[in-house]
Amino acid sequence: MNVKDLRKRVPYQIQRDVLDELSVDQVAEKSDFKISTKEKLRDAVRCTGPRFKSCFLSFVPLLAWLPRYPFRENAIGDLISGISVGIMHLPQGMAYALLAAVPPVFGLYSSFYPILIYFIFGTSKHISVGTYAVMSVMIGSVTERLAPDSDFMIPGNDTNSTTLDIVGRDAERVKIAATVTFLSGIFQLLLGVVRFGFVVTYLSEPLVRAYTTAAAIHVIVSQLKYSFGINPQRYSGPLSLIYTVIEICALLGKTNIGTLVVSIVTILGLVAAKELSALAARKIPVPIPVELITIIVATVVSWQMDLKTEYGVEVVGEIPSGLQAPVAPAVSLLGSMVGDAFALAVVGYGIAISLGRIFALKYAYKVDSNQELIALGLSNSVGGLFNCFAISCSMSRSMVQVSTGGKSQVAGAISAVVILVILLKIGELFEELPKAVLAAIIYVNLQGMMKQFGDICSLWRTNKVDMVVWVMTMILTVLFNPDLGLAASIAFSILTVVFRTQLPKYSILGQVPGTDIYRPVEDYHQVKEIPGIMIFRSSATLYFANAEMYIDALYEKTGVDVAKLLSHKKKLEAKRLRKEKKAAKKAKKEAKKRAKEAAVKAVGPDPDPDTTLPRAIILDLSPVNFLDTVGVKTLCNVRDNLYSLGDFFNEKVTKSILFSSVHDAVLYSQQGNSKEVQYILISHTHISEVS
């Protein structure tokens, strides 16, 4: 005999009395002790030595972990990792600066200052903060909207000729990018100070992955002009991506062949080199710096062949050496970029904390979500003062940092030192680098994001609602741009939650034989209803949006038609009154007492209750995680409606008929009088709200 058969043969027994909520409160001796608001406030503001030390160290994590840094175990790995990631920062920083519509050197600044700030205040040991494609394209949408090329056209010598003031345009765009970065950092700081790190919970994984995929499409479209050597008109607002694609298609006839050849050769070379690098990764401890080799080779070829002069290929141009002094943000621009800055703050934090939690779970340490907000906020706000643009973390750099032995934030600091050396000494060597090469680097780096289209098939098999969220996020972000697309996607994602609660599954539960387990009778063959007892459950919580549907489903499933029963009761009452009047007329001459007795005898006893109605109705409220006032009133209305039937249901809903389990309610209802019909609520967490 196997264990399964043995379990079926064992009779079910309950080894305790049936307890309602009043009994539970008495047996468990429920405590009425509550901490007053004044005491809570006093405890929150109390400052002691240990508490101050703990708060200070949590605000500056560097002071907590650096004195205990295991130099022998981590130093070599962090050194190799930092150098490897620093080399990656060079091409990615310059390339992503094009996305932000600012000169490439500012991408290097954004790969230096914010990293040092995060090194001091961050709590993740493995993520690589710095320039990121999605953030850069969001910055670019702001800079090109507020400083379009049309504002910097200078009349030429001829009547109809104009020239573009590139220097003035770039200076204005750098100011805009730095200002919106500063403001996004302030938003992140404020959210961190008020402990608002949970805001990222509204960014579900399907939403984030779809959003980054759609942002990658924006990135690709924005770089097509560098690949074809054309200059399409700048569009902003909804559907701007569609207009831009149409404009690019119209300008394909003006493609610069030299630029297109450089772009195609670079893409093919990068793809081939990355495949070879992946094959050699098992044998070589340090990844091959494919992108760095690409920009070095491209710069040398461009310089030797004079691609700029001979073929009209656009190059990076002047890269100033050294660092710049801090500059105050343009306060006059803040009002026009509040929405963009908040979107940058939320997206940057959402991407960073998601990746940080993945590594923290893998390597068994904790990432403080609120401290991450503060670290990123300081990185962006301080970086904005030094003409940096908004940063987040990069999956590709983080993976390289981990795979090359990086074990702490020291690797990030070393990568910042590498960028500092480049800024001070060798940055100007890349002035002849074609912008088409940087665009090609962006294309190849985005292939991982484009593979996320495979999520649609996997989500279709696992959760169709999440699949709809993915597709709608993708469509909304492509059509409405990253800033408005994010807001629309979050709103749609929240709406799906509302729809799920408005369209719950209503079920009648039955008992699994020999157990205290209850399951929907329509889903199981062996689950049977208990005679005379209806157990009703909704799969969603009970609140204002679905309260009316809850009542309708309850009456439909239990077969209790309140309106019909009330109509029947009124007819019986009217019939009784008519008989009383008739009997009263016949007994006018008799005494009042005898007249009443004759009336009762004429009418006779009330008919028996309808045997088709359930003897007990049990509402299983275990899926209910909160009750609003409408939910409470709904339960009271159910009670009132059933009580108005008079002979069928009792009057009060008190703790004496509230139970902590469905099985206790079933046992209680079976103990009662067989002709007594009861109305029982089951709840686990909200007894006080309905009692």
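For the protein, an unreviewed UniProt entry supplies the name Solute carrier family 26 member 6-like and the organism Sinocyclocheilus anshuiensis.

Further remarks concern the overall build of the protein. Within the protein one finds 29 helices and ten strands. Out of the 691 residues in the protein, the part that is buried amounts to 47%. By sequence separation, contacts in the protein at least 24 residues apart represent 81% of the contacts at least 6 residues apart. With an accessible surface of roughly 36,000 Å², the protein has 62% of that area assigned to carbon and sulfur atoms.

Structurally, Ala 250 is set in helix α12 (residues 240-251). A residue is classified by how much of its surface remains accessible, and Ala 250, at 62% relative accessible area, is exposed. A C-alpha to C-alpha distance of 9.0 Å links Ala 250 and Pro 232, two positions 18 residues apart in sequence.

Okay, the UniProt feature "transmembrane region" (unreviewed entry) in the protein next. Cross-referencing UniProt, the feature "transmembrane region" (unreviewed entry) maps to residues 96-121, 176-198, 241-272, 284-305, 341-361, 373-397, 409-426 and 470-499 in the present numbering. Taken end to end, residues 176-198 has its terminal C-alpha atoms 29 Å apart, with 78% of it in helix and 0% in strand. Across residues 341-361, the secondary structure splits into 100% helix and 0% strand, with the terminal C-alpha atoms separated by 30 Å.

Our focus in this paragraph is the packing of α12 against helix α23 (residues 464-502). The axes of two packed helices give the description: the angle between them and the distance between them. For the pair α12 and α23, the least separation of the axes is 7 Å and the interaxial angle reads 105 degrees. As summarised for this structure, α12 and α23 are arranged roughly perpendicular, according to the angle between their axes. In this structure, α12 contributes Ser 240, Leu 241 and Ile 242 to the contact, and α23 contributes Val 478, Leu 479 and Asn 481. Split into classes, the residues belonging to the contact of α12 with α23 amount to four nonpolar, two polar and no charged.

Now for the packing of aromatic side chains. Aromatic rings considered in pairs are described by the distance between their centres and by the relative angle of their planes. A full pass over the atoms with the stated rule returns twelve aromatic pairs. Taken together, a centroid distance of 5.0 Å and an interplanar angle of 80 degrees make the contact between Tyr 543 and Phe 544 edge-to-face. Ring pairs connect the aromatic residues Trp 65, Tyr 69 and Phe 119, which therefore count as one cluster. If you follow Lys 125 out to its NZ or CZ, it ends over the ring of Tyr 365, 4.9 Å from the centre.

A separate point is the environment of Leu 207. By secondary structure assignment, the location of Leu 207 is in helix α11 (residues 205-228). In this structure the C-alpha to C-alpha distance between Leu 207 and Met 472, which are 265 residues apart in sequence, comes to 8.9 Å.

Attention now goes to the confidence of the model for the protein. A residue-level look at the protein finds 87% of positions with pLDDT of 70 or above and a mean pLDDT of 81. The secondary-structure element of the protein with the lowest mean pLDDT is helix α29 (residues 687-690), recorded at 43, while helix α8 (residues 113-121) shows the highest, at 94. Across residues 598-607, confidence stays below pLDDT 50; counting only partners more than four residues off in sequence or on other chains, it has eight contacts. A low-confidence stretch, residues 685-691 (pLDDT under 50), is modelled with 19 contacts involving residues beyond four sequence positions or located in other chains.

Turning to α8, a few remarks are in order. Among the nine residues that make up α8, seven are buried, leaving the element largely enclosed by the rest of the structure. Taken residue by residue, α8 has Tyr 113, Pro 114, Ile 115, Ile 117, Tyr 118, Phe 119 and Phe 121 as its buried positions.

Reading guide: rules and limits
Residues numbered from 1 in each chain as written. Predicted model: local features only at pLDDT ≥ 70, side-chain atom pairs only at ≥ 80, totals over all residues. Heavy atoms only, no water. Helix = DSSP H or I, 4+ residues; strand = E, 2+ residues; numbered from the N terminus. Buried < 20%, exposed > 50% of the residue type's maximum accessible area, 1.4 Å probe, protein only. Contact = heavy atoms within 4.5 Å. Areas by Shrake-Rupley, 256 points an atom, 1.4 Å probe, with all protein chains shown as cover. UniProt positions renumbered as here; feature names shortened; annotations may be inferred. Axes fitted to C-alpha atoms, helices over the stretch in contact; angles between N-to-C directions. Parallel < 35°, antiparallel > 145°, perpendicular 65-115°, else oblique. Nonpolar A, V, L, I, M, F, W, Y, C, P; charged D, E, K, R; others polar. Phe/Tyr/Trp six-rings, centres within 6.5 Å; stacked < 30°, edge-to-face > 60°. Lys NZ or Arg CZ within 6 Å of the ring centre and 35° of its normal. pLDDT = per-residue confidence, 0-100.

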